[in-house]
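# A look at the structure
Next come the chains, spelled out residue by residue.
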Amino acid sequence: MSKHPRSSGGGRRARLLALTALATAAGAAAWSLRDLPAAFGRRPDGTRDPRVRNSPQYRDGVFHNAPSALAQQEPGRPDGDTFRRMLLDDRAARRPSLPVPLERPAGAGAEPAAEGIEVVWYGHASALVEVQGARVLIDPIWSDRCSPVSQVGPKRLHPVPVALAELPPVDAVLISHDHYDHLDMATVKQLVELQSAPFAVPLGIGGHLRRWGVPEHRIIELDWDETCTLGELTLTLTSAHHFSGRGTTRNTTLWGSWVIAGPSRKVYYTGDSGYFEGYARIGEQHGPFDAALVQIGAYDVAWPDIHMTPEDAVRAHLDLRAGLLVPVHWCTFNLGLHPWSEPIERLLAEAKAQAVPLVVPRPGQRVDVDNPPELDGWWETVA
């Protein structure tokens with residue numbers, strides 16, 4: 001007989017509680033990872049898909065950037081110094097100190113599309129572009145994190161200004177590439193139910209969409225310089241200098257930028273890209289543009305070939321022969337090592353030096369390209 005029956009019983013209870021807690025934690029972890037395999041999407045089989053196999057951008061089982069004298073052919077991976085800076089640099093500076101001011105678009109879903117050109121920026125790269133009566137939704141992400149799992153990964157620095165269900169009917173959903181901050185599985189699944197528009201995507205991304213339940217008749221896959229026409233709306237996938245991948249493999253799907261054209265007016269969206277000669281070619285072939293949505297954030301000396309600096313953004317805008325510059329890919333997710341407001345401050349200085357017209361909307365603010373709002377420095381009050 002034990003001399004310490006109470007202690008022995010207490011030990012058993014403690015072990016039981018510990019095992020229960022461990023099982024609960026394991027169950028919670030398993031639940032949080034339940035969507036992980038689906039979030040990775042579906043890798044295209046280049047040997048079986050003739051459109052992928054025959055693409056000029058595809059060889060040796062992956063897609064490649066176009067030859068460039070200004071950027072490396074294949075972007076490298078972050079080195080040890082980059083990871084050190086990610087861990088040790090001032091993290092507080094990478095987020096706003098106060099809530100980001102939002103605007104709710106007037107008549108969010110009731111008004112007809114603009115007859116001119118209007119843009120609503122929702123944060124990061126997500127935007128609604130209206131061109132001469134047509135609406136295009138660009139790189140929509142409505143999730144709280146840009147990540148394959150909902151509990152880990154970069155978290156929003158501000159809410160989405162309007163619910164996805166409140167968006168007006170759109171004519172197309174455009175995707176620039178398959179990184180998590182541009183192609184979000186949860187948002188895609190909601191759009192399948194809420195909208196009837198097709199998804200226009202670079203080659204290979206159709207595999208992700210099919211796995212997530214997008215009907216075949218709503219998937220349009222394009223290679224660079226290929227065009228689709230939807231009524232009076234013309235969409236052309238153009239080049240970018242970037243990469244792709246949702247798991248451990250890279251470049252099994254294509255990336256790109258977009259030309260959005262109505263009967264007589266045009267908008268350009270850069271997607272993610274380093275600065276390269278392609279902007280001048282796109283400007284010659286498709287410009288001039290009434291406006292360009294240009295990536296300005298998440299740049300770093302460690303990856304100059306995949307994200308432009310603000311100065312690069314102005315240079316690209318000039319190459320494109322674009323009118324109004326609408327900066328995107330900043331403000332919403334902490335994806336770089338620079339201070340939160342640095343991209344817009346550097347952009348303002350360079351745009352002024354180069355006499356480039358610029359608008360800096362709050363997330364959710366509607367911009368009439370023909371009558372843009374004046375700069376008011378809203379970001380300065382929350383930086």
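Here is a short report on the structure shown in this document.

Criteria and cut-off values
- Residues numbered from 1 in each chain as written.
- Predicted model: local features only at pLDDT ≥ 70, side-chain atom pairs only at ≥ 80, totals over all residues.
- Heavy atoms only, no water.
- Helix = DSSP H or I, 4+ residues; strand = E, 2+ residues; numbered from the N terminus.
- Contact = heavy atoms within 4.5 Å.
- Areas by Shrake-Rupley, 256 points an atom, 1.4 Å probe, with all protein chains shown as cover.
- Buried < 20%, exposed > 50% of the residue type's maximum accessible area, 1.4 Å probe, protein only.
- Core = buried A, V, L, I, M, F, W, Y, C linked by side-chain atoms within 4.5 Å.
- Phe/Tyr/Trp six-rings, centres within 6.5 Å; stacked < 30°, edge-to-face > 60°.
- Lys NZ or Arg CZ within 6 Å of the ring centre and 35° of its normal.
- Salt bridge = Lys/Arg side-chain N within 4 Å of Asp/Glu carboxyl O.

### Considerations on the overall build of the chain
Per the secondary structure count, the chain includes nine helices and 15 strands. Here the analysis covers contacts within the chain between residues at least 6 apart in sequence; of these, 69% occur between residues at least 24 apart. Carbon and sulfur atoms make up 54% of the accessible area of the chain, which amounts to about 17,000 Å² in all.

### Here we look at helix H8 (residues 310-320)
Listing the buried residues of H8 in full gives Pro310, Asp312, Ala313, Val314, Ala316, His317 and Leu320. With its phi angle positive at about 60°, Arg321 sits one or two positions after the end of H8.

### A closer look at the nonpolar core
Inside soluble globular proteins, nonpolar side chains tend to come together where they are buried. Counting 71 residues, the largest nonpolar core has Leu235, Ile260, Leu293, Trp330 and Trp340 as its most contacted members. Every residue in contact with Ile260, bar those within four places of it in the chain, is listed here: Val129, Val131, Val136, Ile138, Leu174, Leu233, Thr234, Leu235, Arg265, Lys266 and Val267.

### A word on the packing of aromatic side chains
Aromatic rings considered in pairs are described by the distance between their centres and by the relative angle of their planes. Enumeration over the complete set of coordinates arrives at 11 aromatic pairs. Put simply, the rings of Trp121, Trp330, Trp340, Trp378 and Trp379 touch in pairs and so form one group of aromatic residues. The ring of Phe243 is capped by Arg250, whose NZ or CZ atom sits 4.1 Å from the centre of that ring.

### A word on the pattern of salt bridges
Taken as a whole and judged by the stated rule, the model has 13 salt bridges. A salt bridge links Arg346 to Glu342, with the shortest nitrogen-to-oxygen separation between them at 3.2 Å. You can see Arg346 and its partner Glu342 sitting in helix H9 (residues 342-353), four residues apart, about one turn around the helix. By relative accessible area, which is 28% here, Arg346 ends up partly exposed. By relative accessible area, which is 22% here, Glu342 ends up partly exposed. Where Arg362 meets Asp376, a salt bridge forms, and the shortest distance between an N and an O atom there is 2.8 Å.

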